[in-house]
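A structural walkthrough
Residues per chain, in single letters:
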Amino acid sequence: MVVPSDYSVQVLVAQGLLRPLDRSALPNIRHIDQSFLDRPYDRGNRFSVPYFWGTTGIAYHKQRVAAPVDSWSALWDPRYRGRILMLDDAREVFGAALKRRDTA
């Protein structure tokens, strides 16, 4: 079993690295919300089923960071250097940069 990101499914299929799923071995697929199925990267869920879905946010220890972190701009604020971090993932970084809101 592998757990590729959505964009990786098409690449892996094109490279012949994924086999079609045996739907008889996945009886609980019927319990997955339809909005998560039949995505553009795998129409008909021939090679993948949703495994994980979530949101990204900022978490911090308020005893170590005095001012509230209430914006993606905090990632660029020198006051927080070495005190907050984010996932080392290109899509997360681009998403945060696009959400950045200057508070000055």
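Notes on the structure in this doc start here. (Residues numbered from 1 in each chain as written. Predicted model: local features only at pLDDT ≥ 70, side-chain atom pairs only at ≥ 80, totals over all residues. Heavy atoms only, no water.)

1. Some words on the overall build of the protein
On a plain count of helices and strands, the protein comes out with two helices and zero strands. Here the protein has a C-alpha radius of gyration of 19 Å; the compact-globule value for 104 residues is 13 Å, and the former is much larger. Across its three principal axes, the protein shows a C-alpha extent of roughly 55 × 30 × 20 Å. The buried share of the protein, reckoned over its 104 residues, is 17%. By element, 53% of the accessible surface of the protein is carried by carbon and sulfur atoms, the whole surface being about 8800 Å². (Helix = DSSP H or I, 4+ residues; strand = E, 2+ residues; numbered from the N terminus. Rg over C-alpha atoms; globule rule 2.2 N^0.38 Å. Buried < 20%, exposed > 50% of the residue type's maximum accessible area, 1.4 Å probe, protein only. Areas by Shrake-Rupley, 256 points an atom, 1.4 Å probe, with all protein chains shown as cover.)

2. Considering the environment of aspartate 6
As for its placement among the helices and strands, aspartate 6 is situated in helix 1 (residues 6-14). On the basis of relative accessibility, which here comes to 32%, the residue aspartate 6 falls in the partly exposed class. Spatially, the C-alpha atoms of aspartate 6 and proline 27 are 22 Å apart, while their sequence positions differ by 21 residues. If we ignore the near neighbours within four places in the chain, the residues touching aspartate 6 are Tyr41 and Arg91. (Contact = heavy atoms within 4.5 Å.)

3. Some words on the packing of aromatic side chains
Following the criterion strictly, the structure yields one aromatic pair and no others. For the pair tyrosine 51 and phenylalanine 52, a centre-to-centre distance of 6.5 Å together with 35° between the ring planes defines the contact as tilted. (Phe/Tyr/Trp six-rings, centres within 6.5 Å; stacked < 30°, edge-to-face > 60°.)

4. Some thoughts on unusual backbone geometry
With a phi close to 55°, aspartate 38 is a non-glycine residue in the positive phi region. Inspection of the secondary structure puts aspartate 38 in the loop between helix 1 and helix 2 (90-99). Aspartate 38 sits in the partly exposed class, given a relative accessible area of 37%. Positive phi, close to 50°, is recorded for asparagine 45, a residue that is not glycine. Structurally, the position occupied by asparagine 45 is in the loop between helix 1 and helix 2. Looking at asparagine 45, the relative accessible area reads 6%, which means it is buried.

Shape is all these values report; function is a separate question.
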